[in-house]
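# Notes for the structure review
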Amino acid sequence: MTRQERFKHIIRYFEENMPIAETELDYTTPFELLVAVILSAQCTDKRVNMVTPQLFKQFPTAEQLATAEVGEIYELIKSISYPNNKAKHLSAMAKMLCDTFQGEVPSQREDLMKLPGVGRKTANVIASVVFDQPAMAVDTHVFRISNRLGLTTNSKTPRQTEETLVKYIPEHLIPKAHHWLILHGRYVCVARKPKCKECGLTPYCRYYATQQRSLINIE
């Protein structure tokens, strides 16, 4: 099976079986999503969604968050991972939004990456989810799933994975494909013990084929 064929089959499967694929972070504005994605680094969406309602209630806009003390932010997010650093990032991010972008979340990845706490992955999420741009955010799930399925070969970095996925996935599907891979990795192709028996992608999966060959050799 060529790489193009593998992509074609896997995309068709997701289109038929996961027609709706969206972020599981709760938000109502671009600013809220930006805050939530920053908080979600090395933390579950479920935990972030438990924290953000009170945070957004007290600081619903960049202007209001920019006036908050770092300690105030910390107290609201201390149950998530790395709260000290994230509190500092949120404070500095909000100030830069106000000073440089008139309080509005910018649409371009290069501008987003100027914000404290915003790397390429976070910028791609915002560009994709909020502005429907063909940006592929590669988190740990996307990186793992792409390699297991065989969509990528020998990718050593998230950037390499991103470049391969963007090359082979039709541009209009890239925003949705990001969520396809994340959700598949979160609930089916989990890190420690993938649920291959529940997976409809086994006919196209390089990892599954390798496992089957290993079983045959053992027998």
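Residues numbered from 1 in each chain as written. Predicted model: local features only at pLDDT ≥ 70, side-chain atom pairs only at ≥ 80, totals over all residues. Heavy atoms only, no water.

Put simply, the rule reads: UniProt positions are given in the numbering used here, feature names are shortened, and annotations may be inferred rather than shown by experiment.
By the naming in an unreviewed UniProt entry, the protein chain goes by Endonuclease III and is assigned to Porphyromonas gingivicanis. The Sequence similarities (unreviewed entry) field of the UniProt record for the protein chain holds the comment "Belongs to the Nth/MutY family." Taken from UniProt, the Catalytic activity (unreviewed entry) comment for the protein chain reads in full: "2'-deoxyribonucleotide-(2'-deoxyribose 5'-phosphate)-2'-deoxyribonucleotide-DNA = a 3'-end 2'-deoxyribonucleotide-(2,3-dehydro-2,3-deoxyribose 5'-phosphate)-DNA + a 5'-end 5'-phospho-2'-deoxyribonucleoside-DNA + H(+)".

### Here we look at the UniProt feature "binding site: [4Fe-4S] cluster" (unreviewed entry) in the protein chain
Put simply, the rule reads: A run of H or I in DSSP becomes a helix once it reaches four residues, and a run of E becomes a strand once it reaches two; helices and strands are each numbered from the N terminus. Each residue is placed in one exposure class: buried if its accessible area under a 1.4 Å probe, protein chains only, is under 20% of its type's maximum, exposed if it is over 50%, and partly exposed if it falls in between. We call two residues in contact whenever any of their non-hydrogen atoms come within 4.5 Å of each other.
Under the UniProt annotation, the feature "binding site: [4Fe-4S] cluster" (unreviewed entry) is placed at Cys189, Cys196, Cys199 and Cys205. With the annotated positions falling across 17 residues, the maximum pairwise C-alpha distance of 10.8 Å places them together in a single cluster. If you trace the backbone, Cys189 turns up in the loop between helix 11 (174-187) and helix 12 (206-218). Take Cys189: its relative accessible area is 8%, and that puts it in the buried class. Among residues more than four places away in sequence, those in contact with Cys189 are Arg144, Ile145, Arg148, His184 and Pro194. Along the chain, the position of Cys205 falls in the loop between helix 11 and helix 12. Those residues in contact with Cys205 that sit more than four places away from it in its chain are Arg6, Arg148 and Leu149.

### Brief notes about the pattern of salt bridges
What counts is decided by this rule: When a carboxyl oxygen of Asp or Glu lies within 4 Å of a side-chain nitrogen of Lys or Arg, that pair is called a salt bridge.
Inspection of the entire model under this criterion finds seven salt bridges. Note that Asp111 is salt-bridged to Lys114, the shortest N-O span being 3.3 Å. When its relative accessible area of 22% is taken as the criterion, Asp111 is described as partly exposed. Here Lys114 falls in the exposed class, since its relative accessible area comes to 52%. Taken together, the salt bridges that share partners define one network made up of Glu24, Asp45 and Arg186.

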